[in-house]
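Summary of structural features
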Amino acid sequence: MGMNGSTMLEPLRQGLPPIDPAGAAGSASCALPARYEAVRGARQFTRTTLSQWELSERFDDVALVVSELVTNALRHALPADTPREPHEPPVRLHLMRWSSRLVCAVRDPSVTSPATREADEDCAAESGRGLFLVESFSDTWGWHPLAGSLHGKVVWALFHLPTDRARRVDDGPADGTTADRQTDRPAGR
């Protein structure tokens, strides 16, 4: 994973309901170049990781959020005058899974907080909707500055995962009859 993700993301955990460290099931991280092609690489990394974690059914929502977070980092956090560590990639994607939660976090060198803004209503342009999409497709999101010798910030999004019991309910009864399905996912997604 390179850098210790659990140490870097401690402020993230402090801003969330308690997460049992013993329940941590996996983490993965990848460095992304400061090019827009990195978004495709981030999506491929997300697909592979979610597949390994047997969470492929969450790919569409998670990949959309990852794409928006990486795009925002590339577009807004990498101006030419942003200080960068020469040995560190400018953008890094972290995926972390617990038994009931999945977190996507994107680290970038900027200390400027992410801000939602209204999309230009006069244009058909899609610019300006990224954080609205993150908010719509994840259960919550936030950001925090990096501490210590690291410069920059982490923007993260959290997804609740169904428990094993909820997954069994979603899969239906073993006898092949139909049943009402219940999920932890809010309507409209």
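Residues numbered from 1 in each chain as written. Predicted model: local features only at pLDDT ≥ 70, side-chain atom pairs only at ≥ 80, totals over all residues. Heavy atoms only, no water.

Description of the nonpolar core
Counting residues in hydrophobic clusters, the biggest one holds 31 residues, and the most contacted among them are Leu32, Val66, Val70 and Leu93. Going through the elements one at a time, β1 (24–32), α3 (38–52), α4 (59–76), β2 (91–98), β3 (101–108), α5 (130–137) and β5 (153–160) are the ones with two or more residues in this core. The element contributing the most residues to this core is α4, with 9 residues. Membership of the second largest hydrophobic core comes to 8 residues, among which are Met96, Trp98, Val103 and Ala105. (Core = buried A, V, L, I, M, F, W, Y, C linked by side-chain atoms within 4.5 Å. Buried < 20%, exposed > 50% of the residue type's maximum accessible area, 1.4 Å probe, protein only. Helix = DSSP H or I, 4+ residues; strand = E, 2+ residues; numbered from the N terminus.)

Some points on α3
Taking 1.5 Å per residue as the helical rise, α3 with its 15 residues ought to reach 21 Å, and the 21 Å between its terminal C-alpha atoms agrees with that figure. Taken together, the buried positions of α3 are occupied by Ala38, Val39, Ala42, Phe45, Thr46, Thr49 and Leu50. Looking straight down α3, one finds that the buried residues subtend no more than 125° of arc, so they occupy a single side. Pointing more than 90 degrees away from the buried face of α3 are the exposed residues Arg40, Gln44 and Gln52. Immediately beyond the C-terminal end of α3, within one or two residues, lies glutamate 54, with a positive phi of roughly 60°. (Expected span 1.5 Å × (residues − 1). Arc of directions from axis to C-beta.)

Let's talk about α4
With 18 residues, α4 should cover 26 Å at 1.5 Å per step; its first-to-last C-alpha distance of 25 Å lies within 8% of that length. Within α4, 14 of the 18 residues are buried, which leaves it mostly tucked inside the rest of the structure.

Concerning the packing of aromatic side chains
The tally for this structure, following the rule as stated, stands at 0 aromatic pairs. Here arginine 47 stacks its cationic end above the ring of phenylalanine 59, 3.9 Å away from the centre of that ring. (Phe/Tyr/Trp six-rings, centres within 6.5 Å; stacked < 30°, edge-to-face > 60°. Lys NZ or Arg CZ within 6 Å of the ring centre and 35° of its normal.)

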